[in-house]
Structure formats: C-alpha cells, structure tokens
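This is what each chain is made of:
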Amino acid sequence: MEKPCKKVIIIGGGITGLSAAFYTKKLFDEQQIPVDITLIEKSEELGGKIQTLRKDGFIIERGPDAFLARKLPIITLTKELGLEDELIGTNPNARTNYIYHKKKLHQMPLGLVLGIPTKLTPFMKTGLISPIGKLRASLDLLLPKKKILEDESLGHFIQRRLGKEVLENITEPLLGGIYAGDTDTLSLQATFPNLVEMEQKHRSLILGMAAGMKNRPASVNLPDAAKKSMFLTYKNGMSTLIEALKETLKSIRIIKGQGVTKVDQRDNGYQVHLDDQTKLHADGIVFALPNHHAASLLSDVESIHLLEKVNYVSVANVSLTFDKADITYPMNGTGFLIPANEGTVLTACTWSSSKWLHAAPENKYLLRCYVGREKDQQWVKWSDEEILANVQKDLKDIMGITATPTSHTITRAIHSMPQYPIHHLEQLKKVRKCLKAQKPGLFLCGAGYEGVGIPDCIEQGKRAAEKMVAYLAV
Ligand code: FAD
C-alpha cells in the first residue's frame, strides 16, 4: 500500500531551518516515505544571520565570517553539498591574534586553547597577566575538582580555576566575546560543556587541555587550502553555504516574505497561519527561529516562558576598506580582542584582508570592527555616523589609523546573540518535555538552544529532522 504523504513545515530560513529542511528531505527519501516540505521565512532573503556582501573585489561578511574546522557537522554538510573545494583556511602567515591591555596590543600567548594555557613558557612571558596573576593561574594544577555537578557561570568557573586576571584579560574577550556576553551570567554547561568534562576527568584545566592537544583526532580529509587551519570559510563568502542549500532544496516549497503568526492544534495535526492570512496544514513542525518568537507561537505550552529567559544581545559590525598606502600599522595577524574593562566602544577588530587572502584586492585593506556587548547596549540608539566616529576614534587610539576609509558598511544585528542563562540546559529539557506531551511532532532548534556556532546550528537542524522522521514514520 502506498504510504501517505507527510506534511512538514519548517519555520525560519536561517542556517538551522535550511539544515533541518535538507536533512528532513534526505532522511524521508532514504526511508522512501513521501514528504511535502514547506519552509517559511519572514524576511525576503534566506540565510538569517549569514549574509555576504560581494562588492568591488571585497568579500564583506555582515554576519559570521568563519567556523571552527574541528566541528564536523559543517564539514559533513559541506561535502554533502559538493562544496569542499570552496573551503579555505586562514592565511598561514598571519595566524597571530592580539589582546588590547593597558593601552597596548599584546600577542596572545602561543599554546592558548579556549583561553587555557597549554604551553608554560609563552604564558609566563605574556604581559597580559601580572606575576601574581600567573602564580594564581598555576594553582589550577593543584586545586581539587568541583564535587557537586551543578551549573555555574563561565566567569565563576574560570575565576575558580585560573583566577580573576585570566578571566578578565583573556577569557572574557575570547570566550565571552563569542556570545558578546557577560561571563558572570553565561551558563558554563551550555556554552563550554567540554570545560566541565575536562575538570571532572583531569581535575586541572591546564593538564586536561594539554592532554587533549596530544590526543587530537586526525584532521578530516580537506583540500590543501583548508588544511591545518583552526578556522575555515568559503572562498566566495559564507553565503556560499546558503546558496548551495537553496539550490539543493529546489524541490521543496519555500515561502519568503511571510512570517508565521499563529500555530493551532487540530485533531489531525496543526494549522499554521501566515501574515497574509494563508493557512497551511502540517503533520509536524520544526521551529528554527529565535526563542522569543517560538515562545510567542507556542504560548499555551506549559513552561514555554522559560525560553524567554534567553536574552538576546544586539551587536553591530563596521567593515572599513582602506588603500594600503594610507596605513602604516603592520597587520601581521588576524586582529585583536578588547576586554570590557578597557572602556572602548570597539570590542574586537578582525584584520580581514590579513586573516583571509581572498577577502580584499591586493592593494586594499579590509577591517571588520565589532561593537556591542551584553553590558554595553548604548550604541543601539546611535546613528550610523556616531557608530562610525566611535569606531574610528578607537582605531586611532589603538592602531594610529587616521586615514579616511574608502568605504564603510555598517550592519546592525539587533537582538542577535543569545545569552544562555545558568541552568539553561535543565530549563530546555523541561520545555521540550512539556512540548512533547502537549504538542507532539513540534521540535525546537537553533542558536538559542544548544550552541550558537554555525556547526552547532547545523547539528541541531539535523537532529530535529531525525526526530521528525522518527515521529512521522510510525
Ligand atoms: P537565524 O539566522 O536568526 O535565523 C532565524 C530565521 O527565522 C531568520 O531568518 C528570521 O527572519 C526567521 N523568523 C523569525 N521569526 C519568524 C516567523 N515568525 N516566521 C518565519 N520566519 C521567522 N557563528 C559562527 O560559527 N562563526 C562566526 O564567525 C559567527 N559570527 C557571528 C557574527 C554575528 C554578527 C552574529 C550575529 C552571529 C555570529 N555567529 C557566528 C553565530 C551564527 O551566525 C548564528 O548563531 C546562526 O547563524 C544562527 O542561525 P539560526 O538559523 O539559528 O538563526
């Protein structure tokens, strides 16, 4: 007997929703279950935070510019889409990163992994930490591991193991910076679960990280241009991934420019309402959109309010282009990070044309400047001119740049960076349990749940697809 065609709706056309669509199609096809997939995206463009601007020979990323090479979900998807030859690593001659401390750029000590020293000599030589701070950090080698496995903040954990100076001068800009977050309120278990495991297994983070470096899995099979780089991107920008997904998903229905306004439960499934009053039937739905949007569509689900505990911070990035002849500062690295206690508007700066050999024409520089962190949201009210002026002032103080940029691109990513609160994972478990009991066949995924990095989002989209096929295949 012919199997009935299942109707799956995916809400959100960012990387999570597109990955959910890709793997839903793949898994249903593999199991020979007929499926009718509709992806609904509120804006006119797919990709969500991923947006590449290709202009005058520059590759300008308005959202993410790279991903961690060791995270396999994106490597697997890249290969499934036939994009492996598009992968490119960072410039092998410019892999140093800097941290701004006491009005000076300091080279990040060699052997620092996730802010944890694995090589003693460079750490002992760094000007980022005082002699007392270094002594305090070395106590990590002696301190016992935590006995009660309750969640704590990332900041509390690092301070407990390595001391306040490492937290403020290294961890906060490096790890907190990934979330534009406040390390005192970010959940350790939700942001860096590997550090929890490390303490439990090795007691000391320094010893655990050093052991981890020795036992690193052999690098995945990648083209030469992408080998040996910690970060990867695509030659033509991150949107390459979105364009390839769009092309592969030609057989599914994609509705753009329409938001989902309501989801009703029916005897035989769900009804999804769109902005233009269209109503669509679904047997199962993937919610791949920011938590507060998902919560408002599922307001009658018990515990759903817990999703609102994930605050979203606003950030901006300002891409500046310069003629090489106008800047004398030697950009011999990937850029620099700035701890919150330095009091600048700028939170970090990527020397994109040094970090990536493909990002700018030969005679030009491309700089990407970041603004906005959890405790500093005043910039949101500023005009573009004010943002630009503040960024230029900081660049002048830090790098001595006084030249006028040949162009600038300002991107405001309002409410874009989810902040996982302490106990986030337990709360998420509770929400999912209630959702499963009250509205079976609905699945939550995306940056607000289990990892903000693009590979984590892909993995979550894939898991939602696996749950969907398991639910609808019966
Ligand atoms: P989104 O991209 O936010 O997609 C959700 C989609 O849902 C949106 O397109 C939205 O329009 C749509 N939507 C919302 N409401 C509705 C509705 N009611 N109906 C229909 N559609 C709706 N990660 C990295 O790995 N490396 C980096 O270098 C990096 N840099 C970053 C830099 C910036 C400035 C930002 C903001 C993020 C960065 N990230 C980086 C994180 C990463 O880009 C994001 O976490 C990821 O792209 C989020 O994908 P998503 O699909 O979960 O969400």
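It should be noted that the structure appears before, not after, this text.
Each value, and the rule that gives it
Residues numbered from 1 in each chain as written. Predicted model: local features only at pLDDT ≥ 70, side-chain atom pairs only at ≥ 80, totals over all residues. Heavy atoms only, no water. Pairing = 2+ DSSP bridges. Helix = DSSP H or I, 4+ residues; strand = E, 2+ residues; numbered from the N terminus. Axes fitted to C-alpha atoms, helices over the stretch in contact; angles between N-to-C directions. Buried < 20%, exposed > 50% of the residue type's maximum accessible area, 1.4 Å probe, protein only. Patch = residues over 30% accessible without salt bridge, like charges linked within 9 Å, V, L, I, M, F, W, Y side chains within 5 Å. Areas by Shrake-Rupley, 256 points an atom, 1.4 Å probe, with all protein chains shown as cover. Salt bridge = Lys/Arg side-chain N within 4 Å of Asp/Glu carboxyl O. Contact = heavy atoms within 4.5 Å.

Q: Could you clarify how one ought to interpret the sheet that holds strand β1 (residues 6-11) in this entry?
A: The pairing of strands in a sheet happens through backbone hydrogen bonds and is either parallel or antiparallel. A sheet is described by the order of its strands in space; here five strands give the open sequence β12-β2-β1-β16-β22, paired in parallel fashion. Either end of the sheet is taken by a strand with one partner, and the two such strands are β12 (253-256) and β22 (442-444). Sheet twist, expressed as the average angle between the axes of neighbouring strands with direction ignored, equals 15 degrees. Two elements, strand β2 (residues 35-41) and β12, share four bridges in a ladder whose sense is parallel. Residue Ile 40 lies in a different strand from β12, and its bridge partner there is Ile 255.

Q: It is not clear to me how the pairing of strand β20 (residues 364-371) should be interpreted in this structure. Could you clarify?
A: Sheet faces and side chains relate simply in a regular strand, where the side chains alternate between the two faces. Along β20, six of the eight residues are buried, which leaves the element largely enclosed by surrounding structure. Pairing of strand β17 (residues 311-323) with β20, which is carried by eight bridges, proceeds in the antiparallel orientation. If you follow Asp 323 over to β20, its bridge partner there is Lys 364. As paired elements, strand β19 (residues 346-350) and β20 share four bridges and run antiparallel to each other. Its bridge partner lying in β20, Ala 348 is registered against Tyr 370.

Q: Explanation requested: the sheet that holds strand β13 (residues 260-266) in the structure shown.
A: Pairing in this open sheet of three strands is antiparallel, and the strands run β13-β14-β15 from one edge to the other. The open sheet has two edge strands, β13 and β15 (279-282), and neither has a second partner. Taking each pair of neighbouring strands and ignoring which way they run, the sheet shows an average axis angle of 25 degrees. With four bridges joining them, strand β14 (residues 269-274) and β15 adopt antiparallel strand pairing. If you follow Tyr 270 over to β15, its bridge partner there is Ala 282.

Q: Sorry if this is basic, but what is going on with a nonpolar patch on the surface here?
A: Residues Leu 139, Leu 141, Leu 142 and Leu 207 make up a contiguous nonpolar surface patch of about 350 Å² in total accessible area. Relative to the helices and strands, Leu 142 resides in the loop between α4 (131-138) and α5 (154-162).

Q: Any chance you could explain the side chain of Thr 24 here in plain terms?
A: Here Thr 24 is to be found in helix α1 (residues 15-30). Beyond its immediate stretch of four places on either side in the chain, Thr 24 contacts Val 8, Ile 10, Ile 37 and Ala 465.

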